[in-house]
Every structure is written in C-alpha cells, then in structure tokens.
Amino acid sequence: MARHVATCLAGMLGDRLDLIVARRSESEAALPQGRGVFLDITDRQAAFDLVESQRPSAIIHLAGISDVSVAERNPDLTWQVNLMGTLHLAHALKAHVPEGTFVFAGSSQIYGSKPEEGRPFSERDLLKPMGQYGATKAAADLALGALAAQGLRTIRFRPFNHIGPGQGAGFVVPSFAAQIARIEAGLQPPVIKVGNLDAERDFIDVRDVARAYSLAVTRAETLPAGAMINLASGHPTRIGHLLDGLIALSSVPIAVEVDPERVRPNDIRSLAGNADHARECLGWVPEIPLAETLRDILDEQRRVVRVAARA
Ligand code: GDD
C-alpha cells in the first residue's frame, strides 16, 4: 500500500513532497524521493519523538495488522498495533503539529455483516464489528472521531477490500494467484486450495485507494472535521466468482478443493459499500476494472515464480 500512495502523492505534489515513511526499511527502495525511518508504533515515546523531530504536515497512517486471520489469532498484539499504535501517532501529531492532518486507513470490517435491507453500507450505518480485527479498527475510528471533536483534522477512511500488486499471500486473491502460478510452473499439483467461496466482498484496486488517500491530503482543508469516507465499488463479488475469473486467466486445467484450515469460523458473509460521499467530497470513483486488477496480480505471482526458479 505504502508504495502506491508514495507514487501517487509524488505525482500530485512533485517537489513539495518530503516523504517520511515510518515503517520497515525493506520498503524504502520502492519509494520515490523517500526517506525511510523505522518506527514501532506501539512505542508511544518513539512515535512522539519522531513526530516532534520531523514535524510532518500530514500523516497517512497505513500501518496495522491487516490480515484478518492473523488478527484473530493475535488479539493482544492487534489491539496494541491497530488501536494504540494509531492513538500514539494521532496524539503525537496533536501535540507537536496541531494544525496537521491525520489520514487513517480504517476498514469496512467495522460495519459487520450485511445490513438487513441488503443495501451497501453507508457511513451512517452503525459500527457492529464481528471479530477482533474489525473491533480494533472500529475503536480506532471512534477514538479519532473524538480527537476531531477536540480540534485535530482527522480523515477516517473505511476502505472495502482493496487488492493489487504487492499484497501479501495471506489475502484471498494473491493466495489463489500464487497457487495458479505454481501450478502453471509444475511446482504444485493442479489443485487449488480454498476457503469459504460463498462469502462476498466489495473489491477495488489498491491504486484507486492510494489515489483517494492522496487526494485527501491535498484537499484536507475542504473536508469536514472528522470526515468518514467509504471507498468501495458498491457491488459485492462472490469469492467463488473471483476464483473462476482467475482460473479462466490460466492456460492449464485446475481443480478446486476446500481446505477446512482456510475456512474461518466467524467469516463475515457479505460486505459492500456505498462510496457516494467519496465522490461528493473528493471527486473519487474507482477507475481500475476488477478484471485488470486480477490480471496484474496473477502476472505478479508468475514473476515471483520465475524469479525464484532462477535463484
Ligand atoms: N485469505 C483467504 N484465503 N481468504 C479466503 C480464502 C483463502 O484461501 N478462501 C476464501 N477466502 C475468503 C475469506 O474467508 C473472506 O471471506 C474473503 O475470502 C476475503 O478474505 P481476505 O482477502 O483475507 O480479506 P478480508 O475480507 O478478510 O479482509 C480484507 O478486507 C478488509 C476490508 O474489507 C483485508 O484486506 C482487511 O485488511 C481489510 O480491512
């Protein structure tokens, strides 16, 4: 995510961008004009020291435990990172750059499962998370709302499932794509292991999400205090349908097998979002079609297999 935001912001701000990336050094190489700074956001003092020394005009807070299965297995760490880490950074900005902008990458999982009426979630819907991951993101969203009431300019994004190049193999699309690439290369029997294919998610491209975060920074002063903004296509896609689309991009026959280890006990059945507010306040609509995103992800996984074979 960070590299897509960095690329997008560099395009919008040019020389005015002086980027501080507070995360592991391994991502530094991918960042245009970037200076990488390591920060453990669970360390309150370190967050305060960094913000005091760098005095950023804006923080786009992308760090977090984002793999839902990992979060459910590690609830204590997830609360520390997703809630306390967010608060450390936001409090540090309020203390040292009170006129600064805090952009938060939250999650659609704060809404829980499909509203009774079956319509897509809007920002006016109640927060009813169903697991630890969604609860940590909902708590951070609420806490930032309180900071907005106290004068900090916070922009709370609620992105639905954003996918694209660079996403880790723990998530559904890269997981399927990696298996297809290995099958094509003869490294795995022609059987793809899957979890719950009946779940539905609202998929958008990570590069569209990066554009929304970047727009928010450049237009922060025009947004309402404590803005809450869904990023979504408005359409749920069944995971089974997505799998069919990926398999159709492959040249080899592939069978499908449900792996009980991949089926989550408390999976949200259906998520789709209404992004009218993003259109109204940022002029944002998703632009990259799902078919193109799937192709890009599969191509990336094929490259990974080729590079590994050469090593
Ligand atoms: N990961 C994974 N692996 N998921 C699978 C698999 C599999 O083999 N098979 C089916 N699924 C189903 C999951 O059960 C879930 O219903 C859906 O595919 C999507 O799973 P993920 O890609 O892991 O994403 P998520 O919906 O749990 O959460 C993502 O979206 C949120 C926003 O809606 C993450 O990106 C979160 O960080 C993000 O906040």
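Computed from a prediction, not measured in an experiment: that's the story for all the values here.

Regarding the sheet that holds strand 4 (residues 101-105)
In space, the four strands of this open sheet follow the order 3-4-5-10, with parallel pairing throughout. Across the chains shown, the open sheet's two edge strands, defined by having one partner strand only, are strand 3 (58-61) and strand 10 (227-231). Pairs of neighbouring strands in the sheet enclose a mean axial angle of 15 degrees, with direction left out of account. Set on the sheet, helix 4 (residues 75-96) makes contact with strand 3 and strand 4; between it and strand 4 the angle comes to about 170 degrees.

Here's the deal with the packing of helix 1 (residues 2-13) against helix 7 (residues 206-218)
Running from N to C, helix 1 and helix 7 cross one another at 45 degrees; their axes reach a closest spacing of 8 Å. By the angle between their directions, the pair helix 1 and helix 7 is classed as oblique. The chirality of how helix 1 crosses helix 7 is right-handed. Of helix 7, the residues touching helix 1 (which contributes His4, Val5, Cys8, Leu9, Met12 and Leu13) are Val206, Arg207, Ala210, Arg211, Tyr213, Ser214, Leu215, Val217 and Thr218. The class makeup of the residues in the contact of helix 1 with helix 7 is ten nonpolar, three polar and two charged.

Some words on the confidence of the model for the protein
Considering every residue of the protein, the mean pLDDT works out to 91; 94% of them sit at 70 or more. Confidence, read as mean pLDDT per element, is least for strand 1 (residues 19-22) in the protein (63) and greatest for strand 10 (98).

Notes on the side chain of arginine 158
Within the secondary structure, arginine 158 sits in strand 5 (residues 153-159). The exposure class of arginine 158 is buried, given its relative accessible area of 2%. Within the structure, arginine 158 has its side chain in polar contact with the side chain of tyrosine 111 (distance 3.0 Å). In this structure arginine 158 touches Ser107, Ser108, Ile110, Tyr111, Glu123, Leu127, Asp141, Met228, Ile229, Asn230 and Leu231, once residues within four positions along its chain are discounted.

Structural notes on the site of the ligand
Residues in close proximity to the ligand total 23 residues, the closest being Ser66, Ser107, Ser108, Asn161 and Arg264. Within the backbone of glycine 195, a nitrogen or oxygen atom sits 2.8 Å from a nitrogen atom of the ligand. The side chain of aspartate 267 places a nitrogen or oxygen atom 2.7 Å from an oxygen atom of the ligand. When the ligand is considered free in solution it has 720 Å² of accessible area, and contact with the protein chains removes 95% of it. Considering every element that reaches the shell around the ligand, the biggest residue donor is helix 6 (residues 172-184), with three residues. Here the residues of the shell around the ligand are counted per class, giving ten nonpolar, nine polar and four charged.

Details of the nonpolar core
Ile155, Phe157, Ile229, Leu231, Leu282 and Trp284 are the most contacted members of the largest nonpolar core, which totals 35 residues. Looking at this core, the elements that each hand over two or more residues are helix 1, strand 4, strand 5, helix 7, strand 10 and helix 9 (276-282). Top element by residues in this core is helix 7. It accounts for seven residues. Leave out the neighbours within four places in its chain, and isoleucine 229 touches Glu123, Ile155, Arg156, Phe157, Arg158, His277, Ala278, Cys281 and Leu282. In this structure, Ile59, Leu89, Val97 and Leu147 belong to the second largest nonpolar core, which totals 26 residues.

Calculation notes
- Residues numbered from 1 in each chain as written.
- Predicted model: local features only at pLDDT ≥ 70, side-chain atom pairs only at ≥ 80, totals over all residues.
- Heavy atoms only, no water.
- Pairing = 2+ DSSP bridges.
- Helix = DSSP H or I, 4+ residues; strand = E, 2+ residues; numbered from the N terminus.
- Axes fitted to C-alpha atoms, helices over the stretch in contact; angles between N-to-C directions.
- Contact = heavy atoms within 4.5 Å.
- Parallel < 35°, antiparallel > 145°, perpendicular 65-115°, else oblique.
- Left-handed = near helix turned anticlockwise from the far one by under 90°.
- Nonpolar A, V, L, I, M, F, W, Y, C, P; charged D, E, K, R; others polar.
- pLDDT = per-residue confidence, 0-100.
- Buried < 20%, exposed > 50% of the residue type's maximum accessible area, 1.4 Å probe, protein only.
- Polar contact = N/O pair within 3.5 Å; in protein donor to acceptor, adjacent residues only side chain to side chain.
- Near = heavy atom within 4 Å.
- Areas by Shrake-Rupley, 256 points an atom, 1.4 Å probe, with all protein chains shown as cover.
- Core = buried A, V, L, I, M, F, W, Y, C linked by side-chain atoms within 4.5 Å.

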